[in-house]
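Now for the letters of each chain:
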Amino acid sequence: MGVLNVTPDSFSDGGKYDQPEIAIEHALALELAGADLLDIGGESTRPGSEDISASQELDRILPVLEGLRGRLKIPVSVDTRRSTVAELALRADAEIINDVSGLRNDPRIAEVAAKYGAPLILMHMRGEPRTMQRGPFARDVLKDVAQGLRDSVAKARRAGVAKSQIILDPGIGFGKSYSQNYELLQKLPQLAALGYPLLVGTSRKGFLGATLAGDGQPAAPEDRIWGTAAAVTASILGGAHIVRVHDVAEMVQVARIADCVAHPGLRIR
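Source: prediction; values computed, not measured. (Residues numbered from 1 in each chain as written. Predicted model: local features only at pLDDT ≥ 70, side-chain atom pairs only at ≥ 80, totals over all residues. Heavy atoms only, no water.)

Student: An account of the overall build of the protein chain is needed here, citing residue identities and associated values.
Tutor: Of regular secondary structure, the protein chain possesses 10 helices and 8 strands. Taken against the 2.2 N^0.38 rule, which gives 18 Å for 269 residues, the C-alpha radius of gyration of the protein chain at 17 Å falls within 12% of a compact globule. On the principal axes, the C-alpha backbone points of the protein chain span a range of 45 × 40 × 40 Å. Per-residue burial over the protein chain gives 52% buried out of 269 residues. Charge separation in the protein chain, taken as the distance between the mean sites of 31 positive and 33 negative side-chain charges, equals 7 Å. (Helix = DSSP H or I, 4+ residues; strand = E, 2+ residues; numbered from the N terminus. Rg over C-alpha atoms; globule rule 2.2 N^0.38 Å. Buried < 20%, exposed > 50% of the residue type's maximum accessible area, 1.4 Å probe, protein only. Lys, Arg positive; Asp, Glu negative; His and termini not counted. Charge placed at Lys NZ, Arg CZ, Asp CG, Glu CD.)

Student: Could you give an account of the sheet that holds strand 1 (residues 2–5), with specific residues and numbers?
Tutor: Strand order in the open sheet formed by 6 strands is 1-2-3-4-5-6, with parallel pairing between adjacent strands. If you trace the sheet from one side to the other, it starts and ends with strand 1 and strand 6 (166–169), each paired once. Direction aside, neighbouring strands of the sheet carry axes that sit 25° apart on average. Sheet topology places strand 2 (residues 38–41) next to strand 3 (residues 76–79); 4 bridges connect them, and they run parallel. Bridged to Gly 41 within strand 3 is Asp 79. Where helix 1 (residues 20–33) meets the sheet, it contacts strand 1 and strand 2, and its direction lies at approximately 175° from that of strand 1. (Pairing = 2+ DSSP bridges. Axes fitted to C-alpha atoms, helices over the stretch in contact; angles between N-to-C directions. Contact = heavy atoms within 4.5 Å.)

Student: Could you give an account of the packing of aromatic side chains, with specific residues and numbers?
Tutor: Applying the stated criterion to the full structure yields 1 aromatic pair. Taking 5.0 Å as the distance between ring centres and 75° as the angle between the ring planes, the aromatic pair formed by Tyr 182 and Phe 207 counts as edge-to-face. Here the residue Tyr 182 occupies a position in helix 6 (residues 178–186), and Phe 207 occupies one in helix 8 (residues 206–211), the gap between them amounting to 25 residues. Positioned over the ring face of Tyr 196 is Lys 163, at 5.4 Å from the centre of the ring. (Phe/Tyr/Trp six-rings, centres within 6.5 Å; stacked < 30°, edge-to-face > 60°. Lys NZ or Arg CZ within 6 Å of the ring centre and 35° of its normal.)

Student: Describe in detail the pattern of salt bridges, supporting the description with residues and values.
Tutor: Evaluation of the coordinates by the stated rule reveals 15 salt bridges. Between Arg 69 and Asp 93 there is a salt bridge, with the nearest N and O atoms lying 3.1 Å from each other. Pair noted here: Arg 69 is in the loop between helix 2 (54–68) and strand 3 and Asp 93 is in the loop between helix 3 (83–91) and strand 4 (96–99), with a separation of 24 residues, a long-range link. On the basis of relative accessible area, Arg 69 is assigned to the partly exposed category, the value being 38%. Accessibility expressed as a relative area gives 40% for Asp 93, which makes it partly exposed. It is possible to trace a salt-bridge network through shared partners that takes in Glu 43, Glu 57, Arg 81, Arg 82, Arg 104 and Glu 128. (Salt bridge = Lys/Arg side-chain N within 4 Å of Asp/Glu carboxyl O.)

Student: I'd love a proper account of the nonpolar core, names of residues and values included.
Tutor: Of all hydrophobic cores here, the largest spans 67 residues; its most connected members are Leu 4, Leu 38, Ile 40 and Leu 120. In terms of residues, this core owes the most to one element, helix 5 (residues 141–158), which gives 7 residues. The contacts of Leu 4, once residues within four sequence positions are left out, are Tyr 17, Ala 23, His 26, Ala 27, Leu 38, Asp 39, Ile 40, Gly 41 and Val 64. If you look at the next biggest cluster of nonpolar residues, it comprises 7 residues, including Met 1, Ile 96, Ile 167 and Ile 242. (Core = buried A, V, L, I, M, F, W, Y, C linked by side-chain atoms within 4.5 Å.)

Student: An account of helix 1 is needed here, citing residue identities and associated values.
Tutor: Taking 1.5 Å per residue as the helical rise, helix 1 with its 14 residues ought to reach 20 Å, and the 20 Å between its terminal C-alpha atoms agrees with that figure. Those residues of helix 1 lying buried are Ala 23, Ile 24, His 26, Ala 27, Leu 30 and Glu 31. Taken down its axis, helix 1 places every buried residue within 165° of arc, on the same side. Pointing more than 90 degrees away from the buried face of helix 1 are the exposed residues Glu 21, Glu 25 and Leu 32. Next to the buried residues of helix 1 lie strand 1, strand 2, helix 2 and helix 10 (248–262). Among the residues trailing helix 1, Gly 34 stands out with phi positive, at a value near 120°. (Expected span 1.5 Å × (residues − 1). Arc of directions from axis to C-beta.)

Student: So, the packing of helix 3 against helix 4 (residues 108–116): which residues are in play, and what are the values?
Tutor: Contact geometry of helix 3 with helix 4 gives a least axis separation of 8 Å together with a crossing angle of 20°. Viewed along their axes, helix 3 and helix 4 adopt a mutual orientation that is roughly parallel. Crossing geometry of helix 3 relative to helix 4 is assigned as right-handed. In contact with Ser 83, Ala 86, Glu 87, Leu 90 and Arg 91 of helix 3, helix 4 contributes Arg 108, Ile 109, Val 112, Lys 115 and Tyr 116. The residue inventory of the contact of helix 3 with helix 4, partitioned by class, reads 5 nonpolar, 1 polar and 4 charged. (Parallel < 35°, antiparallel > 145°, perpendicular 65-115°, else oblique. Left-handed = near helix turned anticlockwise from the far one by under 90°. Nonpolar A, V, L, I, M, F, W, Y, C, P; charged D, E, K, R; others polar.)

Here you go:
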């Protein structure tokens, strides 16, 4: 899953693709690089980010979706916490809803997913983007994430979302300490046991920058590609079905090799 942030303030690439023409060009480049899915977000949910209005979010993503209509062959996911945005994005040819709040922000997203038969990604977030990295963090992160995801699934199912539509995301970096992110990667098979496909997003995230720090400073997002490659490999070997990444061409190679390790039948003889 290739990342396209049409925002001025995302942690890694904020401001790079906040003009529709540039965003459309980048989306097509991500597809050409090998992305199987495209995830478009109009609101930054980085640590410390502030909320924006639904109209601001729509002003950012709708021109991009309209510009991609008939040109992009891969499915588009809309990364949003608002049901109004999700519904209008689906009408504009998005096919998947990616809710980083796991239905806590706006439970009506589940109704929209049920209405359109759209796949629904439910992510675990402890707290809110503005304050989530200030703690307190969960004492038992696996238990916290598993229970939070079960609660999100229950809400979705009550709203009529089919089990086959649901994908789960443990929310790496969203209200977890750096060490807890690694613990979740180690214990992904236990989250896979919940019975739903897993999406994992580690690309360029802060815990990687902290691990790769030099001279007391975290590695810059653009210098975390090899760390991302290691985390993507760990995710796939742990059972992730989808990995959400910025550097698509490089991570396509990583995913192919990791898939051959995880599934020997895929090996090229």
